[in-house]
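Examination of the molecular architecture
Chain by chain, the residues run as shown.
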Amino acid sequence: MERIPILRMGEFLLVTIQVDMHDRLAMRLQDDLTEKIAETGARGVMIDISSLEIVDSFIGRVLANIASMSRVLDAQTVVVGMQPAVAITLVELGLELPGVLTALNVDKGMEVLRGTLAKAVEEQGGDRHPT
Amino acid sequence: MIVTRHESLRIQDEDEIVKIRQQARRWAADLGFSLVDQTKMVTAASEIARNTVVYGGGGTVDIEMVQAGDRQGLRLSFVDAGPGISDVELALRDGYTTGSGLGLGLGGARRLVNDFEIDSRPGQGTRVVITRWK
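First, a word on what this report is: a plain description of the structure on this page. Residue numbers here run from 1 along each chain, matching the order of that chain's written sequence. The lettering of chains begins at A and the numbering of ligands begins at 1, in the order of writing. Local features in this predicted model are restricted to residues of pLDDT 70 or higher, and side-chain atom pairs are both shown and tallied only at a pLDDT of 80 or more, whereas totals for entire chains, interfaces and linings draw on every residue. The basis for the side-chain values is all heavy atoms of the structure; hydrogens and waters are excluded.

What to know about the overall build of chain B
If you tally the helices and strands in chain B, you get four helices and five strands. Each helix and strand of chain B, placed in order from N terminus to C terminus, yields the pattern β-α-α-β-β-α-α-β-β. The globule rule used for comparison is 2.2 Å times the number of residues to the exponent 0.38, while the radius of gyration itself is calculated over C-alpha atoms. On C-alpha atoms alone, chain B measures out to a radius of gyration of 14 Å, which is about the 14 Å that the 2.2 N^0.38 rule sets for 134 residues. Along the three orthogonal principal directions, the C-alpha set of chain B runs to about 40 × 25 × 25 Å. Think of it in three bands: with a 1.4 Å probe and only protein chains considered, a residue is buried below 20% of the maximum accessible area for its type, exposed above 50%, and partly exposed in between. Within the span of chain B, comprising 134 residues, buried residues form 51% of the whole. Two residues form a contact once any of their heavy atoms are found within 4.5 Å. Within chain B, contacts between residues separated by at least 24 positions form 64% of all contacts whose residues are at least 6 apart in sequence. Per element, the accessible surface of chain B, about 6,100 Å² overall, is 46% carbon and sulfur. Secondary structure elements are taken from DSSP: a helix is a run of H or I of four residues or more, a strand is a run of E of two residues or more, and numbering for both begins at the N terminus. Using a 1.4 Å probe, accessible areas were evaluated by the Shrake-Rupley method; residue-level cover was limited to the displayed protein chains.

Remarks on the pattern of salt bridges
The term salt bridge refers to a pairing of a side-chain nitrogen on Lys or Arg with a carboxyl oxygen on Asp or Glu at a separation within 4 Å. Under the counting rule described, the total for this entry stands at 16 salt bridges over all chains. One salt bridge in this structure joins B:Arg50 and A:Asp23, with 2.7 Å as the shortest N-O distance. You can see B:Arg50 sitting in helix 2 (residues 35-54) and its partner A:Asp23 sitting in helix 1 (residues 23-40), one on each of two chains. We classify B:Arg50 as buried; its relative accessible area is 8%. As a salt-bridge pair, A:Asp56 and B:Arg50 come within 2.9 Å of each other at their nearest N and O atoms. Of this pair, A:Asp56 sits in the loop between strand 3 (44-48) and helix 2 (57-72) while B:Arg50 sits in helix 2, placing the two residues on different chains. Through salt bridges with shared partners, a single network forms among A:Asp20, A:Asp23, A:Asp56, B:Arg21 and B:Arg50.

Considerations on the packing of aromatic side chains
Residue and element names in this part refer to chain B. Two aromatic rings from Phe, Tyr or Trp, using only the six-membered ring of Trp, form a pair when their centres are within 6.5 Å; if the ring planes differ by under 30 degrees the pair is stacked, by over 60 it is edge-to-face, and anything between is tilted. For the structure shown, the criterion picks out zero aromatic pairs over all chains. Ring-over charges, as used throughout, are those where CZ of Arg or NZ of Lys falls within 6 Å of the ring centre and within 35 degrees of the ring normal. The ring of Trp-27 has Arg-5 lying over it, and the distance from NZ or CZ to the ring centre is 4.1 Å. Stacked on the ring of Trp-133, the Lys or Arg Arg-71 has its end atom at 4.2 Å from the ring centre.

Some details on the packing of helix 3 (residues 84-93) of chain A against helix 2 of chain B
The interhelical angle for the contact between helix 3 of chain A and helix 2 of chain B, taken along N-to-C directions, is 50°, at an axis separation of 9 Å. Relative to helix 2 of chain B, the element helix 3 of chain A is oriented oblique. Where helix 3 of chain A crosses over helix 2 of chain B, the two elements pack in a sense that is right-handed. Between helix 3 of chain A and helix 2 of chain B, the residues in contact are A:Ala85, A:Val86, A:Ile88, A:Thr89, A:Glu92 and A:Leu93 and B:Leu35, B:Val36, B:Thr39, B:Lys40, B:Thr43 and B:Glu47, respectively. Residue classes in the contact of helix 3 of chain A with helix 2 of chain B are distributed as six nonpolar, three polar and three charged. What counts as an axis is a line fitted to C-alpha atoms, over the stretch in contact for a helix, and the angles between N-to-C directions run from 0 to 180 degrees. Angle categories: roughly parallel below 35 degrees, roughly antiparallel above 145, roughly perpendicular from 65 to 115, and oblique for all the rest. Crossing handedness: left-handed means the near helix sits turned counterclockwise from the far one by under a right angle, and right-handed means the same turn made clockwise. Classification convention: Asp, Glu, Lys, Arg as charged; Ala, Val, Leu, Ile, Met, Phe, Trp, Tyr, Cys, Pro as nonpolar; all other residues, Gly among them, as polar.

Comments concerning the interface of chain A and chain B
At the interface, 20 residues of chain A touch 24 residues of chain B. Once two parts are brought into contact, the accessible area they lose, counted with a 1.4 Å probe and summed over both, makes up the buried area. Summed over both partners, the interface of chain A with chain B comes to about 2,000 Å²; 53% of that surface belongs to carbon and sulfur atoms. Sorting the residues of chain A by area buried against chain B places A:Ile54, A:Glu92 and A:Leu93 first, and these three jointly supply 27% of that buried surface. In this assembly, chain A and chain B are joined by eight salt bridges. Polar contact is defined as a pair of N or O atoms within 3.5 Å, subject to the rule that within protein one atom must be able to donate a hydrogen and the other to accept it, and that residues adjacent in sequence are counted only when both atoms are side-chain atoms. Our count for the chain A to chain B interface comes out at twelve residue pairs in polar contact (both at pLDDT 80 or more). Sorting the residues of the side of chain A that touches chain B by element identifies helix 1, helix 2 and helix 3 of chain A as the ones contributing at least two each.

Some points on the sheet that holds strand 5 (residues 101-103) of chain A
Residue and element names in this part refer to chain A. Think of it this way: DSSP has to see at least two bridges between two strands before they count as a pair. Spatially, the five strands line up as an open sheet ordered 1-2-3-4-5, and their pairing is mixed. Every interior strand has two partners, whereas the edge strands, strand 1 (6-9) and strand 5, have only one. For this sheet, the mean angle separating the axes of adjacent strands, direction not counted, is 25°. When strand 3 meets strand 4 (residues 76-80), the two strands line up parallel, connected through five bridges. Each residue of the ladder has a partner; that of Asp-48, found in strand 4, is Val-80. Across the sheet, helix 2 touches strand 3 and strand 4, and the angle it forms with strand 4 is around 155°.

Here we look at the pairing of strand 5 (residues 125-133) of chain B
Regular strands show a simple pattern: their side chains alternate between the two faces of the sheet. All names here are of chain B. With eight of its nine residues buried, strand 5 lies for the most part within the structure. In this structure, strand 3 (residues 71-80) lies alongside strand 5, joined through eight bridges in antiparallel fashion. Looking at strand 5, one finds that Ser-77 is bridged to Val-129. The pairing of strand 4 (residues 115-121) with strand 5 spans seven bridges and is antiparallel. Paired with Asp-119 across the two strands is Arg-127, which belongs to strand 5. Adjacent in sequence and paired antiparallel, strand 4 and strand 5 are bridged by three residues, among which Gly-123 carries a positive phi angle near 85°.

Following this line, the structure appears as structure tokens:
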């Protein structure tokens, strides 16, 4: 069965989409990622779409779903590497990606994830030691 | 308008949606479309092809290179024999869907192309023609 591999890097999961995804494959990625977050307790998910030549409303919805599901499981999703032509087309298509954080590339995406994680730890620390 | 190149493909399932995207990309590149224009046309094709599969129960697409005067363009005509759309104006509105989608397919695709035609009658199927000019 065709699958998109999910790599684990410490507290984060990393997915690189390198194929032109048909709809079933996109749905499978959504399911696999949700399971993997629950299984590993990952705090962040990075999805690299730099090889994706288009994002249509279906793929956009899958990305937004992944972001909402991961949030419920206490993980933050960041989508990185969107090609400029894809970004221009998305805006004209009218697709917003609610709740999806984006970053220019993998490095910046990692900064975003580390930043959210640090903030979350700080907030939890604050709860434990109220001033 | 003259048709300078033509190909017919069937669209029965999601794998064929991917094939149509790839073919539309190839033809748009052959026509010398910019990367942004290629992406817009391929995205519009993907939206309409999915509608053909999901709502129309499958159908066909005619891919054509067309020439009008000194303008060249890519025209895709999607035809299905599905249940048809009873209110086309409503179906074109953003956010309207009878399925589980986002309701951006038709209206979104219309914004991504230069010419958009839709002809649909309940019980007789739907025909959507999209054209993008170079």
